[in-house]
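Close look at the chain arrangement
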Amino acid sequence: MTKNANQWQQLPKFPTSHFVDSRIYTDEQIFHEEREKIFNKCWIIACHESEIPNAYDYRTFRHPGGTNLIVVRGEDMKVRSFYNICPHRGNTLLYDPVGNAKRITCIFHAWSFDTKGNCVDITREKEGFQNRFCKADAGLREVRTEIGFGGFVWVNTDDNACTLKEYIGSALDMLVPCMEEELEVFHYHKAIVNTNYKLWHDTNSEFYHDYMHYFNRVTGMLQPGYFDRKYVGYPNGHASVGSMTIKYDAYEGSKERGVGWPNLSPGGWILIDIFPGMTYNLRTSVLRMDTSIPLGPDKLIIEFRGLGLKRDTPQERMQRIFDHNTIWGPFGRNLHEDLLGVHGQGRAMNRLSDQTWVIHGREENMTIHDEGGMRHFYAEWSRRMGRKAYDPYGEKLISAAA
Amino acid sequence: MDRVAIEELVYQSCLLLDDKDFKGYLDLCAPEFRYTITAHSPEIRKDMIWLDHDRNGMQTLFTQLPRHNSDHSPLTRHATVYKVQCDEAQQQANVVSALQVFKTNLDGGATELFAVGRYLDTFKLNGGKPLLAKRVVKLDTRMFGFGYHIPF
């Protein structure tokens, strides 16, 4: 039965925790608030420590809160982060994504900084500033930085935030034993998609969309144990999905993965979503890390990393790369399908569209096709935003479950 | 060595893939054919392999793709052969071509530049009937929006 305009606008017949107003994916004001209340308050992955292995190595990072950062390993091998902004005239200090710099020197007027963020040279300092301003007044803005949970470099622009350990809590407990050895990034690429960051995180937070993936249907959904995988929600909006044994050889041209992963059962698969836009995805032989950098309510950069073990032999590494590429590389079977999915959502739910609700209503005892992972995310989103995801403008006068 | 025959084979490979004539494409390839897509990531300071298949692997890939959900916008591959180096003793030629890939949206037909890179090809000369033995697609472009399934 089709719906007329009035019926289309009707509240879904679910509890209010089980649907959201689709304007949270398109509204410019909500996006600005998300930058302030979420991205500039939460711990965010900037890069992996293997990307800056040596003293003075740096990596630039487009922080989703809006300010570009420099992540740099000092002479003391400690990793620190700073705004990538010269405190003089606001120019970008480092332009390249990576490099090695004992001194960070602004190309504009040659002010120079060390890897601890101290200003070490102001050209013609005395002549111009006399005793009114000096190097000690010109340090870089440092951003809290911690390395952890697989060697990722986490940053937090909020000086008053809790520690990374407190932020993660027990959410990554299932993966911690799998990340005791040193990891190394072997794959990196970005995609820009015209969609909202939450929709990508949703895709990583539900497996009901396995119907979209031929590979996942034959290697997972049709196999024993698939419907036993369970979602678990954790404080701060994180969620995990338990493992099963994937039957890779059920897909023609694929075979059982010969290279495994420490402390993960053969064929195992653990996925953990970290609020607000990061996903650990350990699939038997490869750890994939997605990090979201929203550029606007309807524009998103997703960074994709593939990681193996630092101690890999060349043969093991090649196998991990092959496994990664089959489904997750830029030409992989699943990644294009997932991106096509969120691209389609972005297209359908544009800001002029009459889309009203997005339903997260499946309840299957928190097993794999339950949409509880998304509901858990939006509960945290609502708490941090001070807005109800189902009624972000307080206009629906919903007093109880519809 | 017949340079024209080699150049035509490079161009033929583009046309066949554009037409999704995968059988025709593989008919241009030697039994030992190997296809690889590579790119360099300055972000992680590493060369990357994004796809790597032998002839059977490519055959399987082409067989499987219709079972997947894909963007159906057609691609147009444009190659320009820059350099042909012949090794008569080995009966092979190494060929470098510039590659541009354009994507034309199904809805409305707008065309965009999708990727640039190079074909680094090795041909078996095969007594005047050259066959493609190895193709490395060395990409400069590393961002493809929501992506694509069919290789270049």
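Residues numbered from 1 in each chain as written. Chains lettered and ligands numbered in written order. Predicted model: local features only at pLDDT ≥ 70, side-chain atom pairs only at ≥ 80, totals over all residues. Heavy atoms only, no water.

Tallying secondary structure elements over chain B gives three helices and six strands in all. Computed over C-alpha atoms, the radius of gyration of chain B comes to 16 Å, within 12% of the 15 Å expected from 2.2 N^0.38 for 152 residues, which places it in the range of a compact globule. Considering only C-alpha atoms, chain B reaches an extent of 50 × 35 × 25 Å along its principal axes. In chain B, which comprises 152 residues, the share counted as buried stands at 52%. Within chain B, contacts between residues separated by at least 24 positions form 59% of all contacts whose residues are at least 6 apart in sequence. Just so you have it, chain B exposes about 7000 Å², and 50% of that area is on carbon and sulfur atoms. (Helix = DSSP H or I, 4+ residues; strand = E, 2+ residues; numbered from the N terminus. Rg over C-alpha atoms; globule rule 2.2 N^0.38 Å. Buried < 20%, exposed > 50% of the residue type's maximum accessible area, 1.4 Å probe, protein only. Contact = heavy atoms within 4.5 Å. Areas by Shrake-Rupley, 256 points an atom, 1.4 Å probe, with all protein chains shown as cover.)

All names here are of chain A. Tallying each qualifying case throughout the model produces five cavities of 30 Å³ or more. Reported here for the largest cavity is a volume of approximately 150 Å³. If you list the elements that add at least two residues to the lining of the largest cavity, you get β15 (269-274), β16 (278-283) and α8 (333-348). Of the residues assigned to the lining of the largest cavity, the class counts are four nonpolar, seven polar and four charged. Taken as a whole, the second largest cavity spans an internal volume of roughly 90 Å³. Considering the residues around the second largest cavity, the lining is formed by Phe215, Tyr248, Gly253, Ser254, Lys255, Glu256, Arg257, Gly258, Gln319, Phe322, Asp323 and Thr326. Counting residues per element, the lining of the second largest cavity draws most heavily on helix α7 (residues 314-327), at four residues. Residues that form the lining of the second largest cavity fall into these classes: three nonpolar, five polar and four charged. (1 Å grid on protein atoms, 1.4 Å probe; cavity = no way out; pocket = protein on both sides within 12 Å on 5 of 7 lines; lining within 4 Å. Points joined across faces, edges and corners; volume = space filled by probe spheres on them. Nonpolar A, V, L, I, M, F, W, Y, C, P; charged D, E, K, R; others polar.)

A word on a nonpolar patch on the surface. All names here are of chain A. On the surface, a cluster of nonpolar side chains totalling about 360 Å² of accessible area is made up of Tyr95, Ile107 and Phe108. Among the secondary structure elements, Ile107 is positioned in the loop between β7 (104-105) and β8 (112-113). The exposure class of Ile107 is exposed, given its relative accessible area of 62%. (Patch = residues over 30% accessible without salt bridge, like charges linked within 9 Å, V, L, I, M, F, W, Y side chains within 5 Å. Salt bridge = Lys/Arg side-chain N within 4 Å of Asp/Glu carboxyl O.)

Attention now goes to the side chain of Thr26 of chain A. All names here are of chain A. Considering the arrangement of structural elements, one finds Thr26 in the loop between β1 (19-21) and α2 (28-39). With a relative accessible area of 11%, Thr26 lands in the buried category. If we skip the residues at most four places from it in the chain, Thr26 touches Pro297, Met349, Asn350 and Arg351.

Residue and element names in this part refer to chain A. Here strand β5 (residues 79-83) runs beside strand β10 (residues 142-148); their pairing, made up of two bridges, is antiparallel. What sits directly across from Phe82, in β10, is Glu142. When β10 meets strand β11 (residues 152-156), the two strands line up antiparallel, connected through five bridges. Bridging across to β11, Ile147 finds its partner in Val153. (Pairing = 2+ DSSP bridges.)

Residues and elements named next belong to chain B. Helix length check: helix α1 (residues 3-18) (16 residues) gives 23 Å between terminal C-alpha atoms against 22 Å at 1.5 Å per residue, within 8%. Listed in full, the buried residues belonging to α1 are Ile6, Leu9, Val10, Ser13, Cys14, Leu16, Leu17 and Asp18. For α1, the elements touching its buried residues are α2 (22-27), α3 (55-64), β3 (75-87), β4 (92-104), β5 (111-124) and β6 (131-139). At the N-terminal boundary of α1, the capping side chain belongs to Asp2, with an oxygen 3.1 Å from the backbone nitrogen of Val4. In the stretch just after α1, Lys20 is the one whose phi turns positive, near 55°. (Expected span 1.5 Å × (residues − 1). Polar contact = N/O pair within 3.5 Å; in protein donor to acceptor, adjacent residues only side chain to side chain.)

This brings us to the interface of chain B and chain A. Tallying the contact residues gives 33 residues for chain B and 36 residues for chain A. Per-residue buried area on chain B facing chain A is highest for Glu43, Arg45 and Phe146 of chain B; these three make up 21% of the total on that side. Linking chain B to chain A there are two salt bridges. A salt bridge links Arg45 of chain B to Asp57 of chain A; the nearest nitrogen and oxygen atoms lie 3.7 Å apart. Contributing elements (two or more residues each) for the side of chain B that touches chain A: β1 (29-41), β2 (46-54) and α3 of chain B. The element that contributes the greatest number of residues to the side of chain B that touches chain A is β2 of chain B, accounting for seven residues. For the side of chain B that touches chain A, the per-class residue count stands at 16 nonpolar, 10 polar and seven charged. (Buried area = accessible area lost by both parts, 1.4 Å probe.)

Counting 113 residues, the largest nonpolar core has Trp154, Ile274, Tyr280 and Trp381 of chain A together with Tyr25, Leu139 and Phe152 of chain B as the members making the most contacts within it. The contact partners of Ile274 of chain A, leaving out residues within four places of it in the chain, are Trp154, Tyr167, Ile168, Ala171, Leu172, His201, His238 and Tyr280 of chain A. Tyr226, Val241, Leu271 and Ile327 of chain A belong to the second largest nonpolar core, which has 20 residues in total. (Core = buried A, V, L, I, M, F, W, Y, C linked by side-chain atoms within 4.5 Å.)

Take the sheet that holds β10 of chain A next. All names here are of chain A. The antiparallel open sheet is built from seven strands, whose spatial order is β2-β11-β10-β5-β4-β3-β6. The sheet is open, and its two borders are formed by β2 (44-48) and β6 (98-100), each paired with just one other strand. Here the strands of the sheet are splayed against their neighbours by 30° on average, with no regard to which way each runs. Pairing geometry for strand β3 (residues 57-62) and strand β4 (residues 68-73), over five bridges, is antiparallel. From the neighbouring strand, Thr60 faces β4, where its bridge partner is Ile70. (Axes fitted to C-alpha atoms, helices over the stretch in contact; angles between N-to-C directions.)

Let us look at the pairing of strand β18 (residues 299-309) of chain A. All names here are of chain A. Most of β18 is tucked away: 10 of the 11 residues are buried. As judged from the 10 bridges shared by strand β12 (residues 183-193) and β18, these two strands associate in the antiparallel manner. If you follow Val193 over to β18, its bridge partner there is Leu300. Pairing between strand β17 (residues 286-296) and β18: nine bridges, direction antiparallel. In the strand pairing of β18, Asp290 is matched with Phe304.

Turning our attention to helix α6 (residues 214-221) of chain A. Burial analysis of α6 of chain A places seven of its eight residues in the buried class, which makes it a mostly covered element. Among all positions of α6 of chain A, only Tyr214, Phe215, Asn216, Val218, Thr219, Gly220 and Met221 of chain A are buried.

All names here are of chain A. Among the secondary structure elements, His238 is positioned in the loop between β13 (231-233) and β14 (239-241). Note on His238: relative accessible area 0%, which makes it buried. Measuring from C-alpha to C-alpha, the distance between His238 and Ser205 comes to 9.7 Å, with 33 residues separating the pair along the chain. Non-local contacts of His238, meaning those with residues more than four positions away in its chain, are made with Tyr167, Ile168, Ala171, Val232, Gly233, Asp273, Ile274, Phe275 and His376. Polar contacts involving the side chain of His238 include one to the main-chain carbonyl oxygen of Tyr167, which spans 2.9 Å.

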